[in-house]
Amino acid sequence: MAAIVAASRQAIDDSTAGNQAGRPFVVQTGAGLARTLDATDGFEPIAESLGTIASGSRLVDGTVRVTKSPQLPVATLLDGRRAEQPAEVLVTLATASTLAVHIGDDVEVAAADQHAVSYRVVGVVVDPADRTAQGAILNDADLEPSAVAVWASDHDPASLKTVRTALERRTASYQTLDSALETSDERLPDAIADLKYVPWVLMAVASCVLLGLLLALLPVARGDVAGLQAAGMTARAASSPIVICVAASVLVGHVLGVVGVQASLALARDPLSAAIGQYWLVVPVPWTTTILSLAVVAAGIVVVPHVVAVAEIGQTWRSRRSPKVASGPIYSALALLVGVLVMGAASLGTLSVPPSQVTLAAPLGAVLVAGGLPAFMRRALASRKSRAATRVIDLRLSHGVHGAVTFACIVIAAASSHSAQVSQDSSAFESSTRAEAPSGSLLIDALPDDAAGTLTRRFTDLGGEQFDAYEVPLETDTQLRVTSPDLIRCMSERHTLDPDAVPAECLPTGTYSTINTVVISTTSIPAPSADPALIQGGEVGVLTFPTGSRTASTTNTVAASPGDTLGGHLPGLVLPADPDVLDQYGLQPGGTQIVVLLDFGSLGEQAKASLRSDVARLGPGAQVMDSTGDSAYQRDRVVAAGQAMAAGVLASVILILAAAVVALAHRRTMRVLIDIGTPSRPRVGMALRWAAFPALSILATLPIIVAAAQVAGVGSFADSGYWWAVPPATLLLASVVMPALLLRVPPRLGE
């Protein structure tokens, strides 16, 4: 699983590097700065437009890219060479397949609004992130700068004064290759993105199982060592072959497994990558996962025998001394007392308005109470009416799993209270705040005008229907921002032009951005439209800031109608492209646009992957926000649910392993009870009391979990969902298994 995720991520990294021609910087700008960059050494132009590629009767629509430098490594070259002459062309793998052309064949390429020209195919390229991309790459030494929106460079664009000024005015943007690679996970196909954390979960489960097997094998290993010692070998000489055998078996098996997986994936590389629309050049070894899992296994082999040996020595020492006071109940009582005090202090914190930060300590109190409960539950369950021997067996059985039960209660109290708190908090915030962007949309901020037009045409060609585009105004001297009329009123009452100087109560509620940007409509609209959460009495507040200042120069209000998709990361106010309106506010188009593809999430997986690749090429310096997946609040709930499930599995595995070891240690006791004719009813009662110990401890912890989540959370516990109940339910199921482990009739002595 980790290798598949790594291969998909590597394909996206290769695609990103190819889009930037391997250069560390890429600048995205309009025609105003193009001639300056064209005259500056170290900036390589990459023009792009929609066009057609044809061969005979076959024709495909695709992207036509033009470079000025013959050897500029745009895209990944699979076969042949780069185009060096004006009459030579590179075609993509998908185009070569669709047109059935090979190196040396002729094709006709027509860029947007141009006549078709014949070119000789000299190479085949591929976009590793989108193997279905149709297109061609040409070489033109006379490429007109005004046709170029993207420039690859070895120099930091911010070091040039002209570029730095354009960046400050938002008429240009740039991105480093390193920052683009850091965001590669955002372009992972949905099927791969869902698997990102699966390898870690599987590794944790496999490690628990392996460590449990090592614990279960220890009694057998000790018996083998004892037999070898009886034959005259020293303890070290007797144990070394066993340790070496186990370590070699596990480690060699692990290495062979990794080699086998990598070899299998290498052979199946092409069909696997084709299934998700990528082209994997390599299948990298997931070194982090591999080394970490090896380290866990090696640590288990080394540590487990020593931990058990130390525990046995400590148990022997404790059994030989005669303590006057048992320290266990004292520690448990102390944990209970401190936990109750912390919970009480946290509850008092809810009485203040707003609630005090001390309420966040409620989960800590729940953990302390949960850690102290099992000791008292164990004593309460010991049968006082039964015979002394039965009480001793009850206490010894419960003592064997006491540590595991305490650990399980602590883990479940922490995980369940956290899951409940996160669920209710996210539900409360989500219901009171508008989303950052419309659900299912793809937001691209700061695309050059030509690139925005190309992208929206590609979107509609792939089946998209709903999109909005807004012109970003030039902010040379002033910046226009929108807010609520209440904030303007508060500023006026306090005689200040600094919005940060007013109380938080003056800020608008129900919106992600309390002070938002103002843009110009690219379509005809009769009147301004705004974020509904900013509208009061049919008006919104307008702030004018000198560029770079946090203090406004003027404030005003303007009539506006609600815009359902506005707010959050989208603009807060859209003005009509009416010259009179723009002159009123001193605005003019800046040459870049904000594009939001509203029904992007309804497209097929292949179409979404193609559009993501288009965005990476057309707008390498643009900011992209993909809202097709879960919202931030939903992701928080999913992570909390995953943590709850993992905690439940971990606690249950630990409890069952501890119970299995205890049952194994008491098999002679149970065999003797059967041999002396003890009826089944007392033995069943003994097993049920043993299983009731963890079950009742967990049930006693439930109200503590509910109280902690209610105190620490900002919402109602009714919004906590049901995932918080998964860990205790899982542990209760594990408790049901415990009697079967103890009641299984062991072999007779000596068999």
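Our subject is the structure that appears above.
The paragraphs below set out a description of the structure included in this document. Residue positions are given per chain, counted from 1 along the sequence in the order it is written. Only residues with pLDDT of at least 70 get local features here, since the model is predicted, and only at 80 or more are side-chain atom pairs given and counted; chain-wide, interface and lining totals rely on the full set of residues. As a convention, hydrogens and water are excluded, and side-chain values are obtained from all of the structure's heavy atoms.

## Regarding the overall build of the protein
And then number 1: A count of helices and strands for the protein gives 21 helices and 21 strands.
And then number 2: On C-alpha atoms alone, the protein measures out to a radius of gyration of 34 Å, which is more than a quarter above the 27 Å that the 2.2 N^0.38 rule sets for 751 residues.
And then number 3: Over its C-alpha atoms, taken along the principal directions, the protein stretches across nearly 100 × 75 × 45 Å.
And then number 4: Only protein chains enter the accessibility calculation, which uses a 1.4 Å probe; a residue is then buried when its area is under 20% of its type maximum, exposed when over 50%, and partly exposed in between. By residue count, 45% of the 751 residues in the protein fall in the buried class.
And then number 5: A contact between two residues is defined here by any heavy atoms of the two lying within 4.5 Å. A fraction of 80% describes how many contacts in the protein between residues 6 or more apart in sequence connect residues 24 or more apart.
And then number 6: In these tables, accessible area is a Shrake-Rupley quantity obtained with a 1.4 Å probe, and a residue counts as shielded only by the protein chains included in the view. For the protein, the accessible surface area stands at approximately 36000 Å², while carbon and sulfur atoms represent 61% of it. By the criteria applied, helices consist of DSSP H or I runs no shorter than four residues and strands consist of E runs no shorter than two, each listed in order from the N terminus. Our radius of gyration is a C-alpha quantity, and the globule rule it is checked against amounts to 2.2 Å times the number of residues to the power 0.38.

## A word on the environment of aspartate 270
And then number 1: Here aspartate 270 shows up in helix H9 (residues 269–275).
And then number 2: Here the alpha-carbon distance between aspartate 270 and leucine 281, two residues 11 residues apart in the chain, equals 8.8 Å.
And then number 3: Those residues in contact with aspartate 270 that lie beyond four places of it in its chain are Arg131 and Tyr279.

## Focus on a nonpolar patch on the surface
And then number 1: Together, Val201, Val205, Val209, Leu213 and Val649 make up a nonpolar patch on the protein surface, roughly 400 Å² of accessible area in all.
And then number 2: Note that valine 649 resides in helix H18 (residues 632–665).
And then number 3: Using a relative accessible area of 39% as the deciding quantity, one classes valine 649 as partly exposed. Two joining distances apply to patches: 9 Å for like charges and 5 Å for nonpolar side chains (Val, Leu, Ile, Met, Phe, Trp, Tyr), and every residue must have over 30% relative accessible area and no salt bridge. Every case where a carboxyl oxygen of Asp or Glu lies within 4 Å of a side-chain nitrogen of Lys or Arg is listed as a salt bridge.

## Quick notes on helix H15 (residues 485–493)
Given 3.6 residues per helical turn, the α-helix brings residues three or four places apart onto the same face.
And then number 1: All buried positions along H15 are accounted for by Pro485, Leu487, Ile488, Cys490 and Met491.
And then number 2: Elements that come into contact with the buried residues of H15 comprise strand E13 (478–483), strand E16 (539–546) and strand E17 (554–559).
And then number 3: One or two steps after H15, the chain reaches histidine 495, where phi turns positive at roughly 55 degrees.

## A closer look at the packing of aromatic side chains
And then number 1: Aromatic pairing here means that ring centres of Phe, Tyr or Trp (its six-membered ring) are within 6.5 Å. Orientation follows from the plane angle: under 30 degrees is stacked, over 60 is edge-to-face, and everything else is tilted. Under the criterion given, the structure shown has two aromatic pairs.
And then number 2: With a centroid separation of 6.4 Å and an interplanar angle of 40 degrees, the aromatic rings of phenylalanine 25 and tyrosine 174 are classed as tilted. A residue pair is termed long-range when its members are at least 10 positions apart, and phenylalanine 25 in strand E1 (residues 25–29) and tyrosine 174 in strand E10 (residues 172–176) qualify at 149 residues.
And then number 3: Classification of phenylalanine 25 as buried rests on a relative accessible area of 16%.
And then number 4: Given a relative accessible area of 30%, tyrosine 174 falls into the partly exposed group.
And then number 5: Their ring planes at 90 degrees and their centres at 6.4 Å tell us that phenylalanine 459 and phenylalanine 467 sit as a pair that is edge-to-face.
And then number 6: Given a relative accessible area of 32%, phenylalanine 467 falls into the partly exposed group.

## Notes on unusual backbone geometry
And then number 1: Despite not being glycine, alanine 75 shows a phi value in the positive range, around 65 degrees.
And then number 2: You can see alanine 75 is positioned in the loop between strand E3 (58–67) and strand E4 (76–80).
And then number 3: What makes alanine 75 buried here is its relative accessible area of 16%.
And then number 4: The phi dihedral of alanine 446 falls on the positive side, at around 75 degrees, and the residue is not glycine.
And then number 5: Residue position: alanine 446 is located in strand E11 (residues 442–448).
And then number 6: For alanine 446, a relative accessible area of 14% translates into the label buried.

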